[in-house]
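Residue-level structure breakdown
Spelled out from the first residue to the last, the chains are:
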Amino acid sequence: MQLFYAPRSPFSRKILATIVELDLAARVSLVRIDPWTDETLRRHNPACKVPTLLLDDDSALFDSPVIARYLDTLSGHTLIPSAPRTWDTLRREALGDSLAEAVIRRFVDRLGPHDDRLERVVARQEAAITAILDGLEAAPDWMRAPTDLGHLAIACALDYLDGRSPDLEWNAQRRLLAAWFYDFRENSSMKIAADPTIGTFRSINSPHPSAEV
Ligand SMILES: N[C@@H](CCC(=O)N[C@@H](CS)C(=O)NCC(=O)O)C(=O)O
């Protein structure tokens, strides 16, 4: 299998961490790509987004929730547990993905001209970011559960938030979430997701992170 990924993309990192957690790295080659400037990915994914997983029969899987489910099926369903834990896991995956989307949208939109429309868009993203983080802090039982796909999605989104939007100071008033995150990101799956060159992945092109997302 080939995984098209961008080093900073939180959705790519979620899949890289998933692959490491499921011990599938030997079966996946990495293709680093900048989806914003490189159109070669569109042949496999019409939306030209990362992550995209190219299977051995040349068919492609996307978006990241679909890829994660496929990989979990290959590996005995260890990151998406059976009921009743299934729905809480998938709900937290969705929260992590929504957090990442809101941080990306806020970052990208603020690069453009400042006007009323921009203020409304940014305020809406910040409302989502605040509500997601406050909810995760207020009901912390999930932090003690065995690692699942929801933990990976939330940690990758927080890593992106931490790097992209330090002005939001997300960790200042959320001590439980911050403590969980700074501990969780020391896991080898998170470290390899941030820098796949330290893992056992094979790279089809240059492994050095440079693509901007
Ligand atoms: N819902 C998608 C989101 C993927 C996504 O937005 N990827 C971004 C990088 S973080 C991308 O490829 N953007 C390129 C574009 O929008 O043209 C998923 O979960 O895979």
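Residues numbered from 1 in each chain as written. Predicted model: local features only at pLDDT ≥ 70, side-chain atom pairs only at ≥ 80, totals over all residues. Heavy atoms only, no water.

Quick look at the overall build of the protein
For clarity, the cut-off: Going along the chain from the N terminus, every DSSP run of H or I of four or more residues is numbered as a helix, and every run of E of two or more is numbered as a strand. Atoms counted for the radius of gyration: C-alpha only. Globule rule: 2.2 Å times the number of residues to the power 0.38. Burial classification: accessible surface area is computed with a 1.4 Å probe over protein chains only, and a residue below 20% of its type maximum counts as buried, one above 50% as exposed, and the rest as partly exposed. Working rule for contacts: check all heavy atoms of both residues, and any pair within 4.5 Å makes them a contact. The Shrake-Rupley method, run with a 1.4 Å probe sphere, supplies the accessible areas, and residue values consider only the shown protein chains as cover. Under the convention used here, Asp and Glu are negative, Lys and Arg are positive, and both His and the chain ends fall outside the count. To locate a charge, take NZ of a lysine, CZ of an arginine, CG of an aspartate or CD of a glutamate.
A count of helices and strands for the protein gives seven helices and five strands. The globule rule puts the C-alpha radius of gyration for 213 residues at 17 Å, and the 17 Å found for the protein is close to it. Seen along its three principal axes, the alpha-carbon backbone of the protein occupies a region of about 45 × 45 × 30 Å. Per-residue burial over the protein gives 49% buried out of 213 residues. Within the protein, contacts between residues separated by at least 24 positions form 69% of all contacts whose residues are at least 6 apart in sequence. Accessible surface, the protein as shown: approximately 10600 Å² in total, 53% of it carbon and sulfur. Each charge sign in the protein was given a centre, from 25 positive and 31 negative side chains, and these centres are 1 Å apart.

Quick word on the side chain of Ser64
Here Ser64 lies in helix α2 (residues 64–74). A residue is classified by how much of its surface remains accessible, and Ser64, at 4% relative accessible area, is buried.

Remarks on the domain arrangement of the protein
Using the following cut-off: Either an automatic procedure or a domain database provided the assignment from which the domain bounds are taken. Here the quantity called buried area is the total loss of accessible area, with a 1.4 Å probe, experienced by two parts when brought into contact, counted for both. Every case where a carboxyl oxygen of Asp or Glu lies within 4 Å of a side-chain nitrogen of Lys or Arg is listed as a salt bridge. Under this definition, polar contacts are N or O atom pairs within 3.5 Å; protein pairs additionally need one hydrogen-donor-capable and one acceptor-capable atom, and for neighbouring residues in sequence, both atoms have to be side-chain atoms. Classification convention: Asp, Glu, Lys, Arg as charged; Ala, Val, Leu, Ile, Met, Phe, Trp, Tyr, Cys, Pro as nonpolar; all other residues, Gly among them, as polar.
The domains assigned to the protein are domain 1 (2–78 + 191–203) and domain 2 (85–187). Contacts between the two partners involve 14 residues from domain 1, matched on the other side by 17 residues from domain 2. Interface of domain 1 and domain 2: buried area, both sides summed, is about 1400 Å²; carbon and sulfur atoms make up 60% of it. The interface formed by domain 1 and domain 2 includes five salt bridges. Here Asp97 ties to Lys14 by a salt bridge, and the two come within 3.0 Å at their closest N and O atoms. Run the count over domain 1 and domain 2 and you get six residue pairs in polar contact (both at pLDDT 80 or more). Elements supplying a minimum of two residues to the side of domain 1 that touches domain 2: α1 (10–21) and α2. Among the elements that line the side of domain 1 that touches domain 2, the one with the most residues is α1, at seven residues. Along the lines of polarity and charge, the residues of the side of domain 1 that touches domain 2 split into five nonpolar, three polar and six charged.

Examining the pattern of salt bridges
This model, assessed by the stated rule, comprises 20 salt bridges. The salt bridge involving Glu93 is made with Arg69; its shortest N-O contact spans 2.9 Å. In this pair, Glu93 is assigned in helix α3 (residues 85–109) and Arg69 in helix α2, connecting sequence segments 24 residues apart. Two residues, Asp148 and Arg85, come together in a salt bridge whose shortest N-O distance is 3.9 Å. A residue pair is termed long-range when its members are at least 10 positions apart, and Asp148 in the loop between α4 (116–138) and α5 (149–164) and Arg85 in helix α3 qualify at 63 residues. A relative accessible area of 0% places Asp148 in the buried class. In the salt-bridge network here, residues are joined through shared partners; they are Arg85, Asp88, Arg91, Arg92 and Asp148.

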